[in-house]
Amino acid sequence: MAAERPWGFILFKRNIETPAQVILLVRELRAAIGNPDAPVLIDQEGGRVQRLGPPHWPVYPPGAAFGVLYDIDRAAGLNAARLSARLMPADLVELGVTVDCLPLADVPVAGADAVIGNRAYGTEPDKVAAIARAVTEGLEQGGILPVLKHIPGHGRATADTHFRLPQVDTSKAELERTDFAAFQPLADLPMAMTAHVVFSALDPAQPATTSATIIQQVIRGVIGFQGLLMSDDVSMNALAGSIAERTRAIIAAGCDMVLHCNGKLDEMREVARETPELSGKALERAGRALASRRAPQAFDRLAARAELDALIDRAGTKGA
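Let me sum up the structure you'll find in this document.

Rules used throughout
Residues numbered from 1 in each chain as written. Predicted model: local features only at pLDDT ≥ 70, side-chain atom pairs only at ≥ 80, totals over all residues. Heavy atoms only, no water. Phe/Tyr/Trp six-rings, centres within 6.5 Å; stacked < 30°, edge-to-face > 60°. Helix = DSSP H or I, 4+ residues; strand = E, 2+ residues; numbered from the N terminus. Buried < 20%, exposed > 50% of the residue type's maximum accessible area, 1.4 Å probe, protein only. Pairing = 2+ DSSP bridges. Expected span 1.5 Å × (residues − 1). Arc of directions from axis to C-beta. Axes fitted to C-alpha atoms, helices over the stretch in contact; angles between N-to-C directions.

A short note on the packing of aromatic side chains
Part 1: Enumeration over the complete set of coordinates arrives at one aromatic pair.
Part 2: Look at Phe-180 and Phe-199: their rings are 6.2 Å apart centre to centre, the planes differ by 70°, and that puts the pair in the edge-to-face class. Here Phe-199 lies in strand β10 (residues 198–199) and Phe-180 lies in helix α6 (residues 179–183), a separation of 19 residues in the sequence.
Part 3: Given the relative accessible area of 0%, Phe-180 is considered buried.

Digging into the sheet that holds strand β2 (residues 40–42)
Part 1: Taken together, four strands build an open sheet; the order of strands is β1-β2-β5-β6 and the sheet is parallel. Each edge of the open sheet carries a strand with a single partner, namely β1 (9–11) and β6 (145–146).
Part 2: The sheet contact formed by β2 and strand β5 (residues 99–100) spans two bridges and is parallel. In the strand pairing of β5, Leu-41 is matched with Val-99.

Let's talk about helix α1 (residues 19–33)
Part 1: Taking 1.5 Å as the rise per residue, α1 with 15 residues should run 21 Å; its terminal C-alpha atoms sit 22 Å apart, in good agreement.
Part 2: For α1, the set of buried residues is Val-22, Val-26, Leu-29, Arg-30 and Ile-33. End-on view of α1: buried residues confined to an arc of 90°, all on one side of the axis. Facing away from the buried side of α1 by over 90 degrees, the exposed positions are Ala-20, Arg-27 and Ala-31.
Part 3: At the exit of α1 stands Gly-34, carrying a positive phi of roughly 70°.

Details of the sheet that holds strand β11 (residues 228–233)
Part 1: Spatially, the four strands line up as an open sheet ordered β7-β9-β11-β12, and their pairing is parallel. The sheet terminates laterally at β7 (148–151) and β12 (257–259), the two strands that pair on one side only. Between one strand and the next, the sheet's axes are offset by a mean angle of 30°, whatever the strand orientation.
Part 2: Across three bridges, the pairing between β7 and strand β9 (residues 191–194) is parallel. When the sheet's bridge partners are listed, Leu-148 is paired in β9 with Ala-192.

Examining the pairing of β9
Part 1: Burial of the side chains of β9 extends over both faces: Met-191 and Met-193 are buried on one face and Ala-192 and Thr-194 on the other.
Part 2: As paired strands, β9 and β11 are joined by three bridges and run parallel to one another. When the bridges of β11 are listed, Met-191 appears paired with Leu-228.

Take a look at the structure:
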């Protein structure tokens, strides 16, 4: 592992047993590459995407719960989103985790695959962006770096990209009015993760992750995102070709970093062989992202949890 020099690591449920075990694992991962500050990522959204859970960690509401409450009382919805995202870092920082792959700015539509579903904050771009901003604030206040996903939008996908590649045939004008509009107010976030989705009006051949057109014209252009751009999982079946071919395509399209998630060592080595060392603008973006992490602010954890639970009860939505 030391020879491959990964920028960071991402944890999944298969890696997690107890707090003490995770703390030791994180220390060992960093020690293995000689970098005590290597980023450690996790997908801790709440709802059905929550790598840390009972009996050692609490359950958090799905994103849609904040949207329901927002429609009842905008300020309460934003407060609940912020509280939930502030409580999660209290779990993560203790383990040595420094990055949460959150918030989502995906805007689902009727007929889309359920892979996003109630992970989304709503179906209106302004509402989604506002709740995503509140989530970002909560994470940052807790000392955790956010990763915006799935840029430039996964809400219209009619397939789960873990299994196959979805194609969205919506016009460019409509995408700019809805999907892309939800990401624009969040363009200042330090990191973002791409969507393995084909937008035929922009690039009929390549999904956003491997499309130089979409990365340059939409993600860096229309949306204006200038932070560190990482791919969604390179091992997902939405992408075509060998792991090596996918890796090369991701880098060639303009992603700064390749994310690999299935834990297969031979694939990990292949990704490492095909990924160039961080340099130039990619290195600058990575440096800026890590430098933006703040020290956790003090807060009353028990009071915050009680307030969050009261707000979610008001919305009438719980769990996954």
